[in-house]
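Structural overview
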Amino acid sequence: RINILGLSMLANATGGKINDVRLVDGNAKRLYIYSTADALVGWKDVEKHAEVARKNGTEVMTMREEGTKHVQHVVTDGERYWKMVGELWENSGRK
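Overview of the structure. (Residues numbered from 1 in each chain as written. Predicted model: local features only at pLDDT ≥ 70, side-chain atom pairs only at ≥ 80, totals over all residues. Heavy atoms only, no water.)

As for the pattern of salt bridges
Here the structure, examined in full by the defined rule, presents seven salt bridges. Glu66 is the salt-bridge partner of Arg64, the closest N and O atoms lying 3.2 Å from each other. Judged by relative accessible area, which is 32%, Arg64 ranks as partly exposed. Several salt bridges converge on common partners, so that one network encompasses Glu47, Arg64 and Glu66. (Salt bridge = Lys/Arg side-chain N within 4 Å of Asp/Glu carboxyl O. Buried < 20%, exposed > 50% of the residue type's maximum accessible area, 1.4 Å probe, protein only.)

A short note on the nonpolar core
Grouped together as the largest cluster of nonpolar side chains are eight residues: Tyr32, Tyr34, Leu40, Val41, Val46, Ala50, Ala53 and Val60. At the level of elements, strand E1 (30-35) and helix H2 (43-55) are the ones that each hand at least two residues to this core. In terms of residue count, the dominant contributor to this core is H2 (three residues). Setting aside anything within four residues of it in sequence, one finds Val60 in contact with Arg30, Tyr32, Ala50, Ala53 and Arg54. (Core = buried A, V, L, I, M, F, W, Y, C linked by side-chain atoms within 4.5 Å. Helix = DSSP H or I, 4+ residues; strand = E, 2+ residues; numbered from the N terminus. Contact = heavy atoms within 4.5 Å.)

Things to note about the packing of aromatic side chains
According to the stated counting rule, one finds one aromatic pair in the structure shown. Judged by centre distance (5.0 Å) and plane angle (85°), the rings of Tyr81 and Trp82 are edge-to-face. Positioned above the aromatic ring of Trp43, the side-chain terminus of Arg64 is 4.2 Å from the ring centre. (Phe/Tyr/Trp six-rings, centres within 6.5 Å; stacked < 30°, edge-to-face > 60°. Lys NZ or Arg CZ within 6 Å of the ring centre and 35° of its normal.)

Observations regarding the side chain of Thr68
Mapped onto the secondary structure, Thr68 falls in the loop between strand E2 (60-65) and helix H3 (73-76). Engagement of the side chain of Thr68 in a polar contact is seen with the side chain of Glu65, the distance being 3.5 Å. For Thr68, the residues in contact, after removing those within four places along its chain, are Ser35, Ala37, Asp38, His73 and Thr76. (Polar contact = N/O pair within 3.5 Å; in protein donor to acceptor, adjacent residues only side chain to side chain.)

Remarks on the pairing of E2
As judged from the six bridges shared by E1 and E2, these two strands associate in the parallel manner. When the bridges of E2 are listed, Ile33 appears paired with Met63. For the crossover from E1 across H2 to E2, the handedness is right-handed. (Pairing = 2+ DSSP bridges. Right-handed = clockwise from strand over helix to strand, strands pointing away.)

Now the structure itself:
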């Protein structure tokens with residue numbers, strides 16, 4: 001993980017708040033898409049965050065990539081990316 005201009009990254013600063021059921025609906029299903037090669041967001045942090053969400057009762061799906069840089073997952077593995085997004089949408093109960 002890196003800091004830009006010495007400031008903590010937004011994902012690091014707000015990560016805990018996303019699991020706060022007073023702020024975010026715990027019934028909303030989540031999809032975590034992340035990579036072991038992301039220099040901005042640590043993959044272990046994402047997995048810990050997803051686990052906390054699961055323990056709080058949130059339904060969680062994950063898509064872990066091995067060589068994708070930050071937010072490049074759709075470019076590198078678009079078919080898998082859109083399949084996961086489609087599954088989340090289908091499982092959300094929305095049409």
